[in-house]
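Tertiary structure, described
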Amino acid sequence: MPASAPESLPASAAVTRVLVVDDDPTVAEVVSGYLERAGYLVDRAADGAVALARAAAHRPDLVVLDLMLPGIDGLEVCRRLRAQGPVPVIMLTARGDEDDRILGLEVGADDYVTKPFSPRELVLRVESVLRRTRPVPAARPLHAAGLTVDPSARRATKNGTELALTLREFDLLAFFLKHPGRAYAREDLMREVWGWDFGDLSTVTVHVRRLRGKVEDDPARPRLIQTVWGVGYRFDETETETETVAMAMAETVAGPAGAGRERPATEKETGS
């Protein structure tokens, strides 16, 4: 893993605090160095217990969290952080551990990066996630099928009850409400919601499943977020059930549209 950061990285306010949690001192040092050069204030922790204590003492704006930690593992740390309030989390996972990546997303991680990784790519992911959390110009709330999404307040409700959504779940729901009745491929959703032109499309599938669990009356019989087989997903504000139960249950992490079409990122690997 290279020890020097590139000369030009995204500029960010120095007051933006990032908590880096990794028990590998080399990884933690290099990641922290890149983030500091990008203008972030960085706290570090080598295990889950210390990470939770640091987060309680100084609430971070974002957490870079290794999945495999001594003592309290990354999944449990993510659960506890999310229980304390909304905070974006980028999970670090070992390459090939797909089940772990999916678990990380399901406990509330907003993104993940696989090891070995490019520190520059990680900084860009941090910038992308944080950009979504920043205040947006005043916009009218979106309404459909008992759902209300207020982009300015970053607040979503269902029949007047507030929904506990992660950063990406909120953005995904807002996108669907802005474009009802139109089918989108997972590649389209990744580009429009995540801002990426490439990546693991199972990320979209997991977020759709989690979002259904929060907005559908019966997630096993989705009436709002429909699967369009061979294409992707469509939001039906009329709540007309067009998919059968068998089709809803048959959907797997592989997604509705060919998973083989996804293109992996071309990263300069660090070798860690």
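Details of the structure are given in the entry above.
Report on the accompanying structure.

Turning next to the layout of surface pockets. If you add up the space inside the largest pocket, you get close to 580 Å³. As for the largest pocket, its lining consists of 27 residues, of which Pro86, Val87, Pro88, Thr133 and Leu167 are closest to the centre. Sorting the residues of the lining of the largest pocket by element identifies α5 (119–133), β8 (155–158), α6 (167–178) and α8 (202–215) as the ones contributing at least two each. The residue makeup of the lining of the largest pocket, split by class, is 13 nonpolar, five polar and nine charged.

Attention shifts here to the sheet that holds strand β9 (residues 161–162). Ordered by their spatial adjacency, four strands build an open sheet running β6-β7-β8-β9, and the pairing between neighbours is antiparallel. Only two strands of the sheet have a single neighbouring strand rather than two, namely β6 (142–144) and β9. Strand direction decides the pairing type here: β8 and β9, joined by two bridges, are antiparallel. Pairing of Thr157 across the sheet is with Glu162, part of β9. Strands β6, β7 (147–150) and β8 of the sheet are contacted by α6, whose axis makes an angle of about 110 degrees with β7.

Quick look at the pairing of β7 now. In β7, alternate side chains face the same way, and those of Leu147 and Val149 are buried while those of Thr148 and Asp150 on the opposite face are not. Bridging between β7 and β8 involves four bridges; their strand directions are antiparallel. In the sheet register, Asp150 faces β8, and the bridge partner there is Arg155. Hairpin geometry of β7 and β8 is characterised by an intervening segment of four residues between the two adjacent antiparallel strands and by a positive phi of about 55 degrees at Arg154.

Conventions we followed
Residues numbered from 1 in each chain as written. Predicted model: local features only at pLDDT ≥ 70, side-chain atom pairs only at ≥ 80, totals over all residues. Heavy atoms only, no water. 1 Å grid on protein atoms, 1.4 Å probe; cavity = no way out; pocket = protein on both sides within 12 Å on 5 of 7 lines; lining within 4 Å. Points joined across faces, edges and corners; volume = space filled by probe spheres on them. Helix = DSSP H or I, 4+ residues; strand = E, 2+ residues; numbered from the N terminus. Nonpolar A, V, L, I, M, F, W, Y, C, P; charged D, E, K, R; others polar. Pairing = 2+ DSSP bridges. Contact = heavy atoms within 4.5 Å. Axes fitted to C-alpha atoms, helices over the stretch in contact; angles between N-to-C directions. Buried < 20%, exposed > 50% of the residue type's maximum accessible area, 1.4 Å probe, protein only.

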